[in-house]
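In case you want the letters, here they are:
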Amino acid sequence: MTNITPADTTPVDTPNSSLRDTLYEAAAHLAASRAEEAIIACESALKIDPNCAESLLILGFVSFELDEPAHALPLLVRAHELQPNISEFTEALAVAYARVGNVNEGLFYAKLATTQPAHPLYPDLLPAQYRDFLINLEESKPYL
C-alpha cells in the first residue's frame, strides 16, 4: 500500500488540477457524443496549456464524430508529436489512419503502440469506439 504525503498531492486550485478536470470533462462529452461541449472543454484546456496533447487528441476524435477526417488527422498527428512515446497517442494515429483507409500507416502505428506504456495520468483517454484498430479498419473509408 502506498502512503501519500501532503507533498505528493496537488492542491485543488492549481492549473494542473483544473486541466485534469477539464480533460475528464472533455472526454466524458466525447464519449456521450456531445461534440460541442467537448470542443468547448478542449478549448478551455488549451487555454491552460496550449500544447495539451490530450486536448488535441480529443478534438481529433470529435472531428471524426463530426465526419471531418481531413481536420481530425492533423490534430492527431500533432498530439502524437507532443507525446510520441505514450501508447494512447500512437494508437490514436493507428485508428485515424485506419479510418481514412491508409492501412500501411495504420498498421505501423498499431504495432508501435503495443511497445509503449499507457498514459500515466489518463489510461482511459481513448474513447471505446477508437480503442480497437481492427474494428476501425473494418469501418474505414478509403475514398477519404
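Treat the numbers as computed from the prediction; the structure is a model and nothing was measured.

Participant: Give a description of the side chain of Ser87 that names residues and reports values.
Facilitator: One can find Ser87 in helix α5 (residues 87–99). Judged by relative accessible area, Ser87 falls into the buried class, the value being 13%. Contacts of Ser87, omitting those with residues within four sequence positions, involve Ala113, Gln116, Pro117 and Ala118.

Participant: An account of the state of the cysteines is requested, with residue identities and associated values reported.
Facilitator: The final tally for this structure, using the stated rule, is zero disulfides. With no disulfide of its own, Cys52 lies closest to Cys42 among cysteine sulfurs, the gap being 7.7 Å.

Participant: Which residues make up the nonpolar core, and what values go with them?
Facilitator: Counting 37 residues, the largest nonpolar core has Leu23, Leu57, Ile58, Phe61, Phe64, Leu76 and Phe89 as its most contacted members. Of the residues forming this core, the biggest block, eight residues, is contributed by helix α3 (residues 53–65). Aside from chain neighbours lying at most four places away, what touches Phe89 is Ala53, Glu54, Leu57, Ala79, His80, Gln83, His119 and Leu125.

Participant: Talk me through the packing of aromatic side chains; I want residue IDs and the actual numbers.
Facilitator: One pass over the full model with this rule turns up three aromatic pairs. Plain terms: the ring middles of Tyr97 and Tyr109 are 5.8 Å apart, the flat faces sit at 15 degrees to each other, and that makes the pair stacked. Taken together, the residues span a long stretch of sequence, with Tyr97 in helix α5 and Tyr109 in helix α6 (residues 103–113) at a distance of 12 residues. The exposure classification of Tyr97 matches that of Tyr109, with both residues buried. Ring plane angle 85 degrees and centroid distance 4.9 Å describe the contact between Phe108 and Tyr109, whose orientation is recorded as edge-to-face. Using a relative accessible area of 15% as the deciding quantity, one classes Tyr109 as buried.

Participant: Account for unusual backbone geometry, naming residues and giving values.
Facilitator: In this structure, Ser33 takes a positive phi of about 60 degrees despite not being glycine. Residue Ser33 is classed as exposed on the basis of its relative accessible area, which comes to 56%. The backbone phi angle of Asp67 is positive, close to 60 degrees, even though this residue is not glycine. Locating Asp67 in the fold gives a position in the loop between α3 and α4 (69–82).

Participant: Describe the packing of helix α2 (residues 35–48) against α3, naming the residues involved and giving the relevant values.
Facilitator: Two elements in contact, α2 and α3, have axes whose closest approach is 9 Å; the angle formed by their N-to-C orientations is 160 degrees. Taken as axis vectors, α2 and α3 run roughly antiparallel relative to one another. As for how α2 packs across α3, the hand of that crossing is left-handed. Here α2 contributes Ala35, Ala38, Ile39, Cys42, Ala45 and Leu46 to the contact with α3, which in turn contributes Ser55, Leu56, Ile58, Leu59 and Val62. Residue composition of the contact of α2 with α3, grouped by class: 10 nonpolar, one polar and no charged.

Rules and cut-offs
- Residues numbered from 1 in each chain as written.
- Predicted model: local features only at pLDDT ≥ 70, side-chain atom pairs only at ≥ 80, totals over all residues.
- Heavy atoms only, no water.
- Helix = DSSP H or I, 4+ residues; strand = E, 2+ residues; numbered from the N terminus.
- Buried < 20%, exposed > 50% of the residue type's maximum accessible area, 1.4 Å probe, protein only.
- Contact = heavy atoms within 4.5 Å.
- Disulfide = S-S within 2.5 Å.
- Core = buried A, V, L, I, M, F, W, Y, C linked by side-chain atoms within 4.5 Å.
- Phe/Tyr/Trp six-rings, centres within 6.5 Å; stacked < 30°, edge-to-face > 60°.
- Axes fitted to C-alpha atoms, helices over the stretch in contact; angles between N-to-C directions.
- Parallel < 35°, antiparallel > 145°, perpendicular 65-115°, else oblique.
- Left-handed = near helix turned anticlockwise from the far one by under 90°.
- Nonpolar A, V, L, I, M, F, W, Y, C, P; charged D, E, K, R; others polar.

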